[in-house]
Amino acid sequence: MTSNNTPNDILIIGSGVAGAAIAQKILEQHPNAKITMLEAGGKMKMRDFALHQDYLVTGNMPYDYYHDFAYPNRDTAGENESLGKTMLPMQGSRLLMYGGSTVHWGGWSFRLKPEDFELKTRIAKTSQHLSGNYDLIDWPISYSDLEPFYCEAEHYIGVSGDSNDTTSPRSAAYPYPAFPYTLEDKPSIEAMQSLGIKYSHMPIARHGLTASESTHPPCQTTGTCKYCPFGARYAAANYLDDIQTFYDYPNFSIITNAAVESLIMTNKHKVSGVHYIDKNIDQHATQTLHADLVILAAGAIESSKILLRSQNDFWPKGLGNDKDLVGRNLITHPYLMFEAELPENPLGLIPEMDFPTMVSRHFDSPEEQSEGKYIIVNPPSSIGVKLAQEMQNGKPLNVIRDELTGKTKLQLHALVEIFSQRDNRLSNVSKRNHIGLQETAINFDQGPDFEVRIAQIQTEIDKIFTAMGAHNTKLKTISWRADHAACTTRMAHSSSEGVVDKNLKVFDVENLFICSNSSFSSLGAVNPTLTLTSLALRLAHHINENVLPNRQAEAGNNIAIHEAN
Amino acid sequence: MDTSETYDIETPYPYIEESLNLDADTFETMWQLLSCIFDYWELAMPTSGAKSQLLVFMQNRMKINLNYYAEYKNAACVIHELNQKFGKHNGTIHLLTSPEAAIKPANTRLARARQMVSNEFITLALSIGGFKSFGAKNALGYINGGNVEGKAPYRIFSDHTDEDSKKDI
Ligand SMILES: Cc1cc2nc3c(=O)[nH]c(=O)nc-3n(C[C@H](O)[C@H](O)[C@H](O)COP(=O)(O)OP(=O)(O)OC[C@H]3O[C@@H](n4cnc5c(N)ncnc54)[C@H](O)[C@@H]3O)c2cc1C
Ligand code: SF4
């Protein structure tokens, strides 16, 4: 075992949006702080035009190597284990690389709504008809506690949105105006209008035009968002590159291909560092790094697994796991794709954009909360022929033109809130994946109320399709992919309910924080990353204002907050 | 001689300093192929720059995978033969439309020319503006500029009852 004994002020595990936002905000206030970020995966070239064109013509994602493999089957060895009744695919659900999962995310940037923070209290009043055994809690913070950080997160990520939209209360405008509705939104908007269903502009992480100097170019509506050639869609990899290129933070470093194995404890209440494997040095030998504070920002799944692996005399069941809560209460969002047939497409609608511009949060309401709230999105590729494909199939122009305005399939998608069940959990498997991390076992069951909820949602979607003049509504697929895996180290009022407190600090450990979707108390109906980023900025604020100054004072200015270098 | 070290340059494809030059005949034949795609499907040809966009595209494909050098030479050769057989324009159209060029896996020279080259050129043709003849204002791959108020870079739906729809949310 090799030890690198130069002490760090802060170790951040994981280089995704959570880690990147925390690092940036702490460095802005403490530019000389010694912060080391450890990232299990490697780096990939961003903003490269040849890779963009390759993606355009082949659909190959240049970062595919950093995805999990599919579960094992009869023919392939695969990775990870699915043990429960409902399979949560991990392949495609995250990126284990420099910059993490925002390198491939969609950028839908929603706020939760005030009622989401009081799930248990509100549901207790209305949910007698649910038959599942749910383990619900309220958040230990309220919407208004987080609201200023939502504003900050929208600016940090660069969200284009409608500042007059009152879906969630806001105290500041979005940094950039909303993208107008596309013509493809017309059928669904008109249908929703006729049914009295509310809808709004999609808040989306795409930089807009700005008069002030910015390292982030505006979106050019190029439509290859899974690999943006400009960096107009937030990706933590670009921001980390920028921190290192344009700012002078002498003690900030990122070590890639360095996977944290476990946390080291000095006593029950104090972490002193991490054991990790640095593949640049040795594929197997364990290295050690020491730090004053450790922040786990390794994504929901790996942050939980690192705690579970950190078993020692002080925490025999794993760090923070005396109450057997780490890794439990796992949830994600089922993503429902509904399809119907439209007899004609007189406007010749075809996909013009690669991100949606319209969303309905009508059913993401207090009234729907006890059944499972949901949002409806009009996906950008929902309608019309795929021109390139038709031409590549050798079809002549007149046939393509007829197809363009003729019968077409169209889709509406929905994200649904589900509730935590204690037995839904994840854990470590001893086998290692191709990145070098221990694989994951997922034990998940969708629960007894889900089918009923799906049927209710399908009824509402069918009304919308019918109002569009479409028929034959069917649920094409349900994706349970673990993209939004959450709640496995929940933030709670006390250690009997959760793993971290309202400041994301692990209960009973004074210097360990967990910032990932695992720390959500519940997930709501919307994509989590704006909320995660708000929590990250709130944590950085807490560390800047309360933790670092206190630790400096306690140590009589001898500790390693490298302010005076 | 420049002796600066380059071995640790971050690069996702082989690092080749000199430009990737194809011979003039191959490039001209590829340009004819792209032009034929525009003609056959009556796509809107950009007023300028299409030829240089093709060159950059081909160089980028070869950067990522040097096999494209051979794919382009193969496609040029196939087009020459087809043109001899069917006549100049019709030969290229045969490549674009013949079912035998679509057989998978692509293990004839004809099929390689279609599946590795002309299919990609179709996507390129649409993405540099060809899609406009189908009535759209934007398409995947087309760099159509930012979200400027009143000048949306794609066809929009003006939602006059927008304000009503948001009430009570
Ligand atoms: C296809 C897709 C689309 C999505 N679209 C949206 C969207 O539109 N809107 C939205 O809100 N959310 C979206 N998400 C979810 C979003 O990507 C995540 O919520 C977010 O990226 C999580 O950020 P993170 O920083 O917590 O984790 P990650 O970004 O996953 O970063 C964690 C990092 O930690 C590293 N790591 C893990 N274990 C270790 C270890 N032991 N040692 C060192 N490093 C480690 C990983 O390699 C990784 O780089 C999407 C997800 C997917 C899969
Ligand atoms: S549409 Fe915007 S975000 Fe997407 S690839 Fe183009 S510039 Fe990037």
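Here is a short report on the structure shown in this document. (Residues numbered from 1 in each chain as written. Chains lettered and ligands numbered in written order. Predicted model: local features only at pLDDT ≥ 70, side-chain atom pairs only at ≥ 80, totals over all residues. Heavy atoms only, no water.)

## Here we look at the packing of helix H4 (residues 143-157) of chain A against helix H11 (residues 529-554) of chain A
Residue and element names in this part refer to chain A.
Moving on, step 1. For the pair H4 and H11, the least separation of the axes is 8 Å and the interaxial angle reads 105°. When the axes of H4 and H11 are compared, the pair comes out roughly perpendicular. Counted together, Asp145, Leu146, Phe149, Tyr150, Glu152, Ala153, Glu154, Tyr156 and Ile157 of H4 and Leu530, Thr531, Thr533, Ser534, Leu535, Leu537, Arg538 and His541 of H11 form the full contact between these two elements. (Axes fitted to C-alpha atoms, helices over the stretch in contact; angles between N-to-C directions. Helix = DSSP H or I, 4+ residues; strand = E, 2+ residues; numbered from the N terminus. Parallel < 35°, antiparallel > 145°, perpendicular 65-115°, else oblique. Contact = heavy atoms within 4.5 Å.)

## Comments concerning the site of ligand 2
Moving on, step 1. Every one of the 13 residues lining ligand 2 counts as a neighbour, but Cys219, Gln220, Thr222, Cys225 and Cys228 of chain A are closest to it.
Moving on, step 2. Class assignment of the residues belonging to the shell around ligand 2 gives a composition of 6 nonpolar, 5 polar and 2 charged. (Near = heavy atom within 4 Å. Nonpolar A, V, L, I, M, F, W, Y, C, P; charged D, E, K, R; others polar.)

## Focus: the site of ligand 1
All names here are of chain A.
Moving on, step 1. Among the 40 residues in the neighbourhood of ligand 1, the closest are listed as Glu39, Met97, Ser101, Trp108 and Thr529.
Moving on, step 2. Interatomic distance of 2.8 Å between a backbone N/O atom of Trp108 and a nitrogen atom of ligand 1.
Moving on, step 3. For the shell around ligand 1, the secondary-structure elements that each account for two or more residues are helix H1 (17-29), strand S8 (258-267), helix H7 (299-309) and H11.
Moving on, step 4. Its residues placed into classes, the shell around ligand 1 shows 19 nonpolar, 16 polar and 5 charged. (Polar contact = N/O pair within 3.5 Å; in protein donor to acceptor, adjacent residues only side chain to side chain.)

## Considering the sheet that holds strand S3 (residues 81-82) of chain A
Within a sheet, each strand pairs with its neighbour through backbone hydrogen bonds, oriented either parallel or antiparallel.
All names here are of chain A.
Moving on, step 1. In spatial order, the strands read S3-S16-S15; together these 3 strands make up an open sheet with mixed pairing. A strand with exactly one partner marks an edge of an open sheet, and here the two such strands are S3 and strand S15 (425-432).
Moving on, step 2. Two elements, S3 and strand S16 (residues 438-443), share 2 bridges in a ladder whose sense is parallel. Within S16, the position partnered with Glu81 by the bridge is Ala441.
Moving on, step 3. In the packing of H7 onto the sheet, contacts are made with S15 and S16, and the angle to S15 comes to roughly 75°. (Pairing = 2+ DSSP bridges.)

## Brief notes about the pattern of salt bridges
Residue and element names in this part refer to chain A.
Moving on, step 1. All told, the structure shown has 37 salt bridges over all chains when counted by the stated rule.
Moving on, step 2. When the shortest N-O distance is used, the salt bridge between Glu118 and Arg122 registers 3.2 Å.
Moving on, step 3. Linking Lys305 and Glu302 is a salt bridge whose minimum nitrogen-to-oxygen distance equals 3.0 Å. Of this pair, Lys305 and Glu302 both sit in helix H7, separated by 3 residues, roughly a single helical turn.
Moving on, step 4. Its relative accessible area of 4% is what places Glu302 among the buried residues.
Moving on, step 5. Shared partners join several salt bridges into a network, and the residues in it are Lys113, Glu115, Asp116, Arg361, Asp364 and Lys373. (Salt bridge = Lys/Arg side-chain N within 4 Å of Asp/Glu carboxyl O. Buried < 20%, exposed > 50% of the residue type's maximum accessible area, 1.4 Å probe, protein only.)

## Some words on the pairing of strand S14 (residues 408-416) of chain A
Residue and element names in this part refer to chain A.
Moving on, step 1. Summarising burial for S14: 8 of the 9 residues are buried, a large majority.
Moving on, step 2. Two elements, strand S11 (residues 335-342) and S14, share 8 bridges in a ladder whose sense is antiparallel. Bridging across to S14, Tyr335 finds its partner in Leu415.
Moving on, step 3. Here strand S13 (residues 374-377) pairs with S14 via 4 bridges, running antiparallel. Across the sheet, residue Tyr374 finds its bridge partner in S14, namely Val416.

## Overview of unusual backbone geometry
Moving on, step 1. Here Lys104 of chain B and Pro105 of chain B are connected by a cis peptide whose omega angle stands at -5°.
Moving on, step 2. Assignment of secondary structure puts Pro105 of chain B in the loop between helix H4 (88-97) and helix H5 (109-127).
Moving on, step 3. Even without being a glycine, Arg47 of chain A presents a positive backbone phi close to 50°.
Moving on, step 4. Structurally, Arg47 of chain A is set in the loop between strand S2 (35-38) and helix H2 (49-58).

## Focus: the sheet that holds strand S12 (residues 358-360) of chain A
All names here are of chain A.
Moving on, step 1. Reading across the sheet, the 6 strands line up as S6-S12-S13-S14-S11-S17 and stay open at both edges, with antiparallel pairing between neighbours. A single partner strand is all that each edge strand has here, and the edge strands are strand S6 (200-201) and strand S17 (471-479).
Moving on, step 2. Helix H5 (residues 186-195) rests against S12, S13 and S14 of the sheet, and its axis sits at about 30° to S12.

## Brief notes about a nonpolar patch on the surface
Moving on, step 1. On the surface, Ile16, Leu66 and Tyr69 of chain B cluster together into a nonpolar patch covering about 240 Å² of accessible area.
Moving on, step 2. By secondary structure assignment, the location of Ile16 of chain B is in the segment before helix H1 (24-40). (Patch = residues over 30% accessible without salt bridge, like charges linked within 9 Å, V, L, I, M, F, W, Y side chains within 5 Å. Areas by Shrake-Rupley, 256 points an atom, 1.4 Å probe, with all protein chains shown as cover.)

## As for the packing of aromatic side chains
Moving on, step 1. Applying the stated criterion to the full structure yields 22 aromatic pairs over all chains.
Moving on, step 2. Here the aromatic rings of Tyr68 of chain B and Tyr72 of chain B are separated by 5.8 Å at their centres, their planes lie at 45°, and the arrangement is tilted. A residue pair is termed a helical-turn pair when its members lie 3 or 4 positions apart in one helix, as Tyr68 of chain B and Tyr72 of chain B do in helix H3 (residues 67-86) at 4 residues. Across the pair, Tyr72 of chain B and Tyr68 of chain B agree in class, each one buried.
Moving on, step 3. The structure contains a cluster of three or more aromatic residues connected by ring pairs, namely Phe117, Trp139, Tyr143, Tyr150 and Phe520 of chain A.
Moving on, step 4. When the ring centre of Tyr98 of chain A is taken as reference, the NZ or CZ atom of Lys43 of chain A above it lies at 4.6 Å.
Moving on, step 5. A cation over a ring is seen here: Lys268 of chain A above Trp315 of chain A, with NZ or CZ 3.7 Å from the ring centre. (Phe/Tyr/Trp six-rings, centres within 6.5 Å; stacked < 30°, edge-to-face > 60°. Lys NZ or Arg CZ within 6 Å of the ring centre and 35° of its normal.)

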